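Chain and residue survey
The lines below spell out each chain.
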Amino acid sequence: MHDKTLTELKAGLQAGDFSSRELTEHFLARIKQHDGKLNSFISVTEAQALQQADAADQAIAAGDHRLLTGLPIAHKDIFCTEGVRTSCGSRMLDNFIAPYTATAVEKMAQQGAVMLGKTNMDEFAMGSSNETSFYGPVKNPWDTERVPGGSSGGAAASLAARLAPGATGTDTGGSIRQPAALNGVTGLKPTYGRVSRWGMIAFASSLDQAGPLGLSAADCALMLQAMAGHDAKDSTCLNEPVDDYLGALAQNVDGLKIGVPEEFFPDNLDGAIADNAREAMRELEKQGAKLVKLSLPSIKLSVPAYYVIAPAEASSNLSRFDGVRFGYRCEDPKDLEDLYKRSRSEGFGAEVKRRILVGTYALSAGYYDAYYKRAQKVRRLIRNDFARAFKEVDVIMGPTSPETAFKLGAKADDPVNMYMADVFTIAVNLAGLPALSMPSGFVNGLPAGTQVIGNYFQEGRILSVAHRYQMATDWHQQAPGDFA
Amino acid sequence: MSHSENWEVVIGLEVHVQLATESKIFSASSTRTGEEANRHASLIDLGMPGTLPVVNKEAIRNAIRFGLAIDADIARRSVFERKNYFYPDLPKGYQTTQLAEPVVGAGAVEIQMENGDKKVVRIHHAHLEEDAGKSLHEGFHGQTGIDLNRAGTPLIEIVSEPDMSGAEDAVAFARKLHSIVTSLGICDGDMSQGNMRFDVNISVRRPGEPLGTRTETKNLNSFRFMEKAIALEVARQIDVLEDGGEIVQETRLYNGDTHTARSMRTKEDANDYRYFPCPDLLPVMVSEEEIQTLRDQLPELPDARKARYIERYNLSAYDAELLSGSIATARYFEAAAEHGGDAKLAANWVMGELAAKLNAEDKDIAESPVSAEHLGELILRLKDGTISSKIAKQVFEACWNGDGSPDQIIEAQGLKQMSDSGELEKIVDQVIADSPAQVDDYRNADDAKRKKKIGFFVGQVMKATQGKANPQQVNQLLQQKL
């Protein structure tokens, strides 16, 4: 069952080929059997999953078929899930049992989804390799000596290893797309404001966006259909009608104008990575799409702008973790200051501390204009670049990541090199656009991904592009040998 | 302060006004106070991971109402920012407030001085923000308790220009703001509950010199404390400067019980709050239409009410200011005047007897045991001659003590003024007959002395009638008979 896509499993459930309980037990068994090698789950919610599966089977028996009825889904441990530990990959929240459920998770549950457990992630979603997790790094199922990318590394690895048929992630600077690329799965970051952030533990509020990871674009469409929509609890969640993403898959790419920005193919880019992305675009060209060269000059500035804005917001967002009301509290604090200092020093890991420091500095009196304000200006320039480009083209494409999965520890001492892993994904977050990564083959035996960026609320369009590509290729069907 | 004449005092105020909305500014929790700790602390108020604020539109409307009342610029777009600092009763580690783009821009408030002068205090701006919770230091065995019921209660902070030159100005300004926000109904105005809190910025200088270094005395929650705290700080600053010292820019805390103040922190250890626009909230956009609707719905404001009192009741500007100042006093006064059919008498009673009694028992006018209707009834009885003003005070006292309505009291205690002139004449005759020596004395005196000497006879008559005789009538009768 685990070699099937979510879409196929949905059909199987409806046809009565198997029950949700059988399906759920199958994946729970696979997690037990294989996750020791990967560490992709922080919590497995077996009892709850079986309960939900039984409820789904009853619903199916009663003819109540919803979008996700009976389908097992793994949620990133950044989403609050009532009664279940929600750690955000941090010691700070190791003891945190969320008292409520995130809207994105709730909406999937309302559509009948079964929660398998909570996936591992970089601490507070800060990282591109899943090595900053308090629960240890996640291994890439294609080569367990390599990283799965991050921060939604657990989600992508669990999918690739077929431990879960569908997963949620969050993407602040590439945290869905980059691990999707490194694990050979499909991941979609929707338009900022398309999916509610209520209950999603904030890293950088103006950039964070939840989205699905799946084995195919069609699976992502199915999950997004359930996740998307207005939520009065999130003021930044937009009140736009939700498109029919599954319906949109029927669109072909005949006449589609694909923008190819020169900035996504810089001189220093690994030639094999560049070729891989070009090959993917050629496939679409074969189907009638037209490639249009263009330039997005300001995206050169996206990494520095991002590493001001994201840490600035994070430094404020993470202030609530003070040892007072929830989360980690140091032993025997001497006084208030000691309580703050030790709870935060002991509760947060090194990368989180680094970003809090950077962000605090960027917002400090005398530096605000030089850093934060300027970064916001860059952000506007980037948005304008994309706006100009989307007057000419329908989608923009390029490699998702400048490299395939690197070795565990390879960049541990070089944060700036690590930050460059997101060089092609970050601009999309700064602009608030939707983008996905789809598997586009292998470079040196490791999965490579190609990014498809759309205009605001054009999730249907980019999903259809990936779907057309996946109808003609089988990269997305490849599974790592040890986990097939 | 013998030296204070050589010094000019410069005062600016920052006033926190708690808005009387049903729910908090960013959550649906109730703003009710006085209940079990943390009863009204929702996930948002607790700053739970993953929670997000949603702005309470009524809080925004209330801020705009205030802006319209002081004729201020209303921002079509205002922005919430985060003010970052750590404190146990600040759950998110930042306060959501406004800085660069506040909802209410520059405006002005006119204040009335006791000597009849008027002054204008300019308002720099007013912004919306959330209140913090409370730290409880007692009953936790060396630990501190946190009550977040108040956390997230909407406030407007009104920032004045340094246009006040002494405690009298500052108190008049503070009272005026109190009057405006209570008239608007956007604040309960209960100072003892911290509904309004004042931070006073004070500096002194010699005339003609540039502004001196200022200090800020924080969290004054009564007009009386404010007046005293200003006097104390002005005297301190002048002492320091006259001794050749320098004023340190600092935040000071005034203790009303001991009438002392101490430094809380100096500029050096001030926080860097690292303000930046709150990414969880969109800019607040207000349309012309909404502003016009709010403007059309504004209730009568203190200045208009005061003008009406002067015009219609012929009151002095100062009396009109006092009576129109608090909405509760204004309501009481108008009801009493209406009921008693005499605004002048109602004004005198409200500002005199009633104010004294309320003051003595530390009561709010809304809690007065003598209702406006009772006072009106009392005024009616005074006017129709049923009782004298002396007896009226006695009736007022009884009414205050809960003995019933004025009419019931007059009836039950037999306080009706003697109107039967035949009966009074008999008593007058008796008094004259009983005091031959005084009668002779009176008759031998000249007119000027007689005016004094008649007092003895009036006193005797009043004594005999237990004060129920009409003093004018007594005078007339005595003059005839003597």
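Predicted, not measured: the structure shown is a model, and the values here were computed from it. (Residues numbered from 1 in each chain as written. Chains lettered and ligands numbered in written order. Predicted model: local features only at pLDDT ≥ 70, side-chain atom pairs only at ≥ 80, totals over all residues.)

To continue, consider the overall build of chain A. Counting secondary structure elements, chain A contains 16 helices and 11 strands. Taken against the 2.2 N^0.38 rule, which gives 23 Å for 484 residues, the C-alpha radius of gyration of chain A at 21 Å falls within 12% of a compact globule. Taken along its principal axes, the extent of the C-alpha atoms in chain A is 65 × 55 × 45 Å. Counting all 484 residues of chain A, 60% fall into the buried class. Long-range contacts, defined here as pairs at least 24 residues apart, represent 76% of the contacts in chain A between residues at least 6 apart. (Helix = DSSP H or I, 4+ residues; strand = E, 2+ residues; numbered from the N terminus. Rg over C-alpha atoms; globule rule 2.2 N^0.38 Å. Buried ≥ 20, exposed ≤ 12 C-beta atoms within 10 Å, placed from the backbone. Contact = placed C-beta atoms within 7 Å.)

Our next topic: the overall build of chain B. Per the secondary structure count, chain B includes 15 helices and 15 strands. Taken over the C-alpha trace, chain B has a radius of gyration of 29 Å; the compact-globule value for 482 residues is 23 Å, which it surpasses by more than 25%. Summarising its shape, the C-alpha atoms of chain B cover approximately 95 × 55 × 55 Å along the three principal directions. Counting across all 482 residues of chain B, residues that qualify as buried make up 39%. When contacts within chain B are restricted to residue pairs at least 6 apart in sequence, those whose partners lie at least 24 apart make up 69%.

This brings us to the sheet that holds strand 14 (residues 276-277) of chain B. Residues and elements named next belong to chain B. The strand order across the open sheet built from 3 strands is 4-3-14, with neighbouring strands paired in antiparallel fashion. The two strands at the open ends of the sheet, each matched to only one other strand, are strand 4 (94-98) and strand 14. Note: strand 3 (residues 80-84) against strand 14, 2 bridges, orientation antiparallel. What sits directly across from Arg82, in strand 14, is Phe276. (Pairing = 2+ DSSP bridges.)

Moving on: the interface of chain A and chain B. Bring the parts together and some accessible area is lost; that lost area is often taken as the interface size. Contacts between the two partners involve 32 residues from chain A and, on the opposite side, 25 residues from chain B. Looking at the side of chain A that touches chain B, the element that brings in the most residues is helix 10 (residues 302-317) of chain A, giving 3 residues. In terms of residue class, the side of chain A that touches chain B is made up of 16 nonpolar, 9 polar and 7 charged. (Nonpolar A, V, L, I, M, F, W, Y, C, P; charged D, E, K, R; others polar.)

A separate point is unusual backbone geometry. Residues and elements named next belong to chain A. Residue Gly150 is joined to Ser151 through a cis peptide bond whose omega torsion reads 5°. A positive phi angle, near 60°, is found at Asn130, a position not held by glycine. One can find Asn130 in the loop between strand 3 (114-119) and helix 5 (153-160). The buried category is assigned to Asn130, around which 35 C-beta atoms lie within 10 Å.

This part is about the packing of helix 1 (residues 57-69) of chain B against helix 2 (residues 167-184) of chain B. All names here are of chain B. Helix 2 packs onto helix 1 with a crossing angle of 125° between their chain directions and a minimal axis gap of 10 Å. Taken together, helix 1 and helix 2 sit at an angle that is classed as oblique. In the crossing of helix 1 with helix 2, the sense of the turn from one axis to the other is right-handed. Contacts between helix 1 and helix 2 involve Arg65, Phe66 and Ala69 on the former and, on the latter, Ile180, Val181 and Leu184. (Axes fitted to C-alpha atoms, helices over the stretch in contact; angles between N-to-C directions. Parallel < 35°, antiparallel > 145°, perpendicular 65-115°, else oblique. Left-handed = near helix turned anticlockwise from the far one by under 90°.)

Residue and element names in this part refer to chain B. Burial within strand 4 is extensive, with 4 of its 5 residues counted as buried. Of the strand pairs in this sheet, strand 3 and strand 4 are connected by 5 bridges, and their pairing is antiparallel. Its bridge partner lying in strand 4, Asn84 is registered against Tyr94.

Let's shift gears to the domain arrangement of chain B. Residue and element names in this part refer to chain B. Entries for chain B in the domain assignment read domain 1 (2-293), domain 2 (300-412) and domain 3 (421-481). Spacing between the C-alpha centres of domain 1 and domain 2 amounts to 34 Å. Facing the 11 residues of domain 1 at the interface are 9 residues of domain 2. Contributions of two or more residues to the side of domain 1 that touches domain 2 are made by strand 5 (107-112) and helix 2. (Domains from an automatic or database assignment.)

Turning next to the nonpolar core. Here is a general trend for soluble globular proteins: nonpolar side chains tend to be buried in one another's company. Counting residues in each nonpolar core, the largest one holds 145 residues, and the members touching the most others are Ile73, Leu116, Val395, Val452 and Leu463 of chain A. Top element by residues in this core is helix 7 (residues 217-227) of chain A. It accounts for 9 residues. Once residues lying within four places of it in the same chain are set aside, the contact partners of Ile73 of chain A are Met108, Ala113, Val114, Met115, Leu116, Ala164, Gly166, Ala167 and Thr168 of chain A. Counting 63 residues, the second largest nonpolar core, distinct from the first, contains Val324 of chain A together with Ile11, Val15 and Leu128 of chain B. (Core = buried A, V, L, I, M, F, W, Y, C linked by C-beta atoms within 7 Å.)

Moving on, we come to helix 7 (residues 327-340) of chain B. Residues and elements named next belong to chain B. With 14 residues, helix 7 extends 20 Å between its outermost C-alpha atoms, agreeing within 8% with the 20 Å of an ideal straight helix rising 1.5 Å per residue. Every buried residue belonging to helix 7 is among Ile327, Thr329, Ala330, Tyr332, Phe333, Glu334, Ala336, Ala337 and Gly340, and all of these are buried. Here the buried face of helix 7 lies against helix 2, helix 5 (302-313), helix 6 (317-325), helix 8 (343-360) and helix 9 (372-383). Looking one or two residues past helix 7, Gly341 carries a phi angle of roughly 65°, positive in sign. (Expected span 1.5 Å × (residues − 1).)

Residue and element names in this part refer to chain B. Inspection of the sheet shows strand 5 paired to strand 6 (residues 118-130) by 6 bridges, in the antiparallel sense. When the sheet's bridge partners are listed, Val109 is paired in strand 6 with Val121. Where strand 5 folds back onto strand 6 in an antiparallel hairpin, the turn is made up of 5 residues, including Gly116, whose phi is positive at roughly 95°.

Another point: the packing of helix 10 of chain A against helix 12 (residues 350-363) of chain A. Residues and elements named next belong to chain A. As a packed pair, helix 10 and helix 12 sit with axes 7 Å apart at the nearest point and diverge in direction by 100°. Relative to helix 12, the element helix 10 lies roughly perpendicular. Across the interface between the two elements, Tyr307, Val308, Pro311, Ala312, Ala314 and Ser315 from helix 10 touch Arg355, Ile356, Val358, Gly359, Thr360, Ala362 and Leu363 from helix 12. For the contact of helix 10 with helix 12, the per-class residue count stands at 9 nonpolar, 3 polar and 1 charged.

Residues and elements named next belong to chain B. Across the sheet, 8 strands lie side by side as 5-6-9-1-10-11-12-13; this open sheet has mixed pairing. Either end of the sheet is taken by a strand with one partner, and the two such strands are strand 5 and strand 13 (260-266). Pairs of neighbouring strands in the sheet enclose a mean axial angle of 30°, with direction left out of account. As paired strands, strand 6 and strand 9 (residues 154-160) are joined by 7 bridges and run antiparallel to one another. Note that in strand 9 the partner of Glu129 across the bridge is Leu155. In this fold helix 1 packs onto strand 5, strand 6 and strand 9, with an angle of close to 170° to the strand it touches most, strand 6.

All names here are of chain B. For helix 3 (residues 223-242), built from 20 residues, the straight-helix expectation of 28 Å at 1.5 Å per residue is met to within 8% by its first-to-last C-alpha distance of 28 Å. Where helix 3 is concerned, the buried positions are Met226, Ala229, Ile230, Glu233, Val234 and Gln237. One side of helix 3 holds all its buried residues, which, seen down the axis, span an arc of 130°. Residues of helix 3 that are exposed and point over 90 degrees away from its buried face: Arg224, Asp239 and Glu242. Where helix 3 is buried, its residues touch strand 1 (8-18), helix 2, strand 10 (196-205), strand 11 (215-220), strand 12 (250-255) and strand 13. (Arc of directions from axis to C-beta.)

A separate point is the confidence of the model for chain B. Of all residues in chain B, 98% attain a pLDDT of 70 or more, and the chain-wide mean is 92. Overall fold confidence (pTM) sits at 0.90, and the ipTM for the predicted complex is 0.96. (pLDDT = per-residue confidence, 0-100.)

Turning next to the environment of Arg175 of chain B. Residues and elements named next belong to chain B. Along the chain, the position of Arg175 falls in helix 2. Of the residues examined, Arg175 has 19 C-beta atoms within 10 Å and is grouped as partly exposed. Put simply, Arg175 and Ile186 are 11 residues apart on the chain and 15 Å apart in space, counted from C-alpha to C-alpha. Arg175 has contacts with Phe223 and Gly325, leaving out every residue within four places of it along the chain.

What follows concerns the environment of His16 of chain B. All names here are of chain B. The topology assignment puts His16 in strand 1. Distance in space between the C-alpha atoms of His16 and Tyr87 is 19 Å, their sequence separation being 71 residues. In contact with His16, not counting residues within four places along its chain, are Leu155, Glu157, Met196 and Arg197.

This next bit is on the environment of Ile387 of chain B. All names here are of chain B. With respect to the element layout, Ile387 can be found in the loop between helix 9 and helix 10 (389-400). Taking the number of C-beta atoms within 10 Å as the measure of exposure, Ile387 has 24 and is therefore buried. In the structure, Ile387 is positioned 280 residues away from Gly107 in sequence and 50 Å away in space, judged by C-alpha atoms. Apart from the residues lying within four places of it in its own chain, the contact partners of Ile387 are Arg381, Leu382, Ala392, Val395, Ile410, Leu415 and Gln417.

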